[in-house]
Amino acid sequence: GGPRPLPGQEVSVKVLGALEDGGLVERDPRLIFVPGHGDVVEALELGVPTMQPGEVSFFLAAFPYAYGRPGSREPDVPPEAPLLFEVTLLEVRDGPDPQPLPPAVRLRLGSQRRERGNFHFARGDFAAALRSYRLSLRALDGPAAAPPGPEEEEELREQRVKCLNNCAAAELKLGRTEEALAACEAALRICPDNGRALLRRGQVGLAAPRTAPLRSAGPSSHPPLLSPQLLAEQGRDAEAALVLKRALELDPASKVIHTELSRLAKRQSPPSST
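These remarks concern the structure in this document. (Residues numbered from 1 in each chain as written. Predicted model: local features only at pLDDT ≥ 70, side-chain atom pairs only at ≥ 80, totals over all residues. Heavy atoms only, no water.)

This part takes up the overall build of the protein. Assigned secondary structure in the protein consists of eight helices and four strands. Taken from N to C terminus, the helices and strands of the protein fall in the order β-β-α-β-β-α-α-α-α-α-α-α. Within the protein, the fraction of its 274 residues that count as buried is 46%. In the protein, the share of contacts with a sequence separation of at least 24, taken over all contacts with a separation of at least 6, comes to 65%. Put simply, the protein shows about 14400 Å² of open surface, and 55% of that area lies on carbon and sulfur atoms. (Helix = DSSP H or I, 4+ residues; strand = E, 2+ residues; numbered from the N terminus. Buried < 20%, exposed > 50% of the residue type's maximum accessible area, 1.4 Å probe, protein only. Contact = heavy atoms within 4.5 Å. Areas by Shrake-Rupley, 256 points an atom, 1.4 Å probe, with all protein chains shown as cover.)

Laid out in structure tokens, this is it:
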């Protein structure tokens, strides 16, 4: 009984998910999400808004509405597997955004949405991944019902940096280098020596077209890696090399950074004469 969920409202559901052979692959006694935010598989996104509180429904989902063509490692779902979901709608309430939330709730929402973005990213749906990462940032940066303690504040900072790095990775996959750079710069404003942000910033320099100078995303709390004059004189490759070398100082064993530096060195090498 009661009204169906409205757009923007948060729902709590009990979910069981099974394969065709009856093997249980998913069990969550209280899954909380906002339909339309991309936090769950599409079968639940589409199905739960048709339900009333207390109702039990079964959704038989073809693979595009479950875990897609590649399947999933966690939960363990084979490729192209249809799933049968048993769903109980427990509660409907106003959505958490933009209400003031306790730090623990902001952290929970941020983590949930970032993990969903990672799921989309692993499937190659980079636009959906980016949408989830932005929703995660919105939860982490939302209004606070109470000031966070020192540990919560540190965890909020770490989550923001992770999310911004993920945004940069998704933007790079979508070919949007300026947006990727902006996400890197935002991460570096929070943590100037974050190795992943430095690596991605170097990768942006390598991925960007060579016809225009690399632009900063705005004022930063950390010292500029190169002044605009030096950037104009030396070009993107010089900045990329500097950033990658700085990242290598923080993580000398990183194979990815060594690979990027090697790629840069080859690009800078003059062509051999024949």
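This paragraph deals with helix α2 (residues 103-122). Helix length check: α2 (20 residues) gives 28 Å between terminal C-alpha atoms against 28 Å at 1.5 Å per residue, within 8%. Backbone geometry just downstream of α2 places G124 in the positive-phi region, at approximately 85°. (Expected span 1.5 Å × (residues − 1).)

Applying the stated criterion to the full structure yields two aromatic pairs. Measuring from ring centre to ring centre gives 5.0 Å for F121 and F126, while their planes differ by 70°; the resulting arrangement is edge-to-face. The class of F121 is partly exposed, set by a relative accessible area of 24%. (Phe/Tyr/Trp six-rings, centres within 6.5 Å; stacked < 30°, edge-to-face > 60°.)

All right, on to the packing of α2 against helix α4 (residues 150-173) then. Relative orientation of the contacting elements α2 and α4 amounts to 25°, with a least axis distance of 11 Å. The orientation of α2 relative to α4 falls into the category roughly parallel. Considering only the axes of α2 and α4, their crossing is left-handed. From α2, P103, A104, R106, L107, G110, S111, R114, N118 and F121 reach across to α4, where they touch E152, E155, L156, Q159, R160, K162, C163, N166, A169, A170 and K173. Counted by class, the contact of α2 with α4 contains eight nonpolar, five polar and seven charged residues. (Axes fitted to C-alpha atoms, helices over the stretch in contact; angles between N-to-C directions. Parallel < 35°, antiparallel > 145°, perpendicular 65-115°, else oblique. Left-handed = near helix turned anticlockwise from the far one by under 90°. Nonpolar A, V, L, I, M, F, W, Y, C, P; charged D, E, K, R; others polar.)

Residues in a regular strand project their side chains so that they alternate between the two faces of the sheet. Examined bridge by bridge, strand β1 (residues 10-18) and strand β2 (residues 24-33) share seven bridges and lie antiparallel to one another. Each residue of the ladder has a partner; that of V15, found in β2, is D28. Counting the residues in the hairpin turn of β1 and β2 gives five residues, including G22, whose phi is positive at 95°. (Pairing = 2+ DSSP bridges.)

Turning to the sheet that holds β2, a few remarks are in order. Strand-to-strand pairing in sheets goes through backbone hydrogen bonds, with the strands running parallel or antiparallel. Ordered in space as β2-β1-β4-β3, the four strands form an open sheet in which the pairing is antiparallel. The open sheet is flanked by β2 and β3 (56-61), the only strands paired with a single partner. Going across the sheet, the axis of each strand differs from the next one's by a mean of 20°, ignoring polarity.

A separate point is the side chain of Q9. Of note, Q9 is situated in the segment before β1. Taking the relative accessible area as the measure of exposure, Q9 reaches 15% and is therefore buried. Dropping the residues within four chain positions of it, Q9 is found in contact with R4, F33, V34, P35, V92, R93, D94 and G95.

For the rest of this paragraph, the subject is the nonpolar core. Formed by 24 residues in total, the largest nonpolar core has its most connected members in V13, F33, L44, V48, L83, F85 and V87. Only β1, β2, α1 (42-47), β3 and β4 (83-93) provide two or more residues apiece to this core. Element by element, the count of residues in this core is highest for β4, at four residues. Not counting chain neighbours up to four residues away, the residues in contact with V48 comprise P5, V11, V13, F33, F59, V87 and L89. (Core = buried A, V, L, I, M, F, W, Y, C linked by side-chain atoms within 4.5 Å.)

Here we take up a nonpolar patch on the surface. A contiguous nonpolar surface patch, about 420 Å² in accessible area, is contributed by V56, F58, L60 and L84. It is β3 that provides the largest number of residues to the nonpolar patch, a total of three residues. On the secondary structure map, V56 appears in strand β3. (Patch = residues over 30% accessible without salt bridge, like charges linked within 9 Å, V, L, I, M, F, W, Y side chains within 5 Å. Salt bridge = Lys/Arg side-chain N within 4 Å of Asp/Glu carboxyl O.)

This brings us to the packing of α4 against helix α5 (residues 177-190). The geometry of α4 relative to α5 is characterised by a closest axis approach of 8 Å and an angle of 165° between their N-to-C directions. Considering their axes alone, α4 and α5 lie roughly antiparallel with respect to each other. α4 and α5 meet at a crossing whose hand is left-handed. Each of R157, R160, V161, L164, N165, C167, A168, E171 and L172 in α4 lies in contact with α5, whose residues at this interface are E179, A180, A183, C184, A186, A187 and I190. A class-by-class count of the residues in the contact of α4 with α5 yields 11 nonpolar, one polar and four charged.

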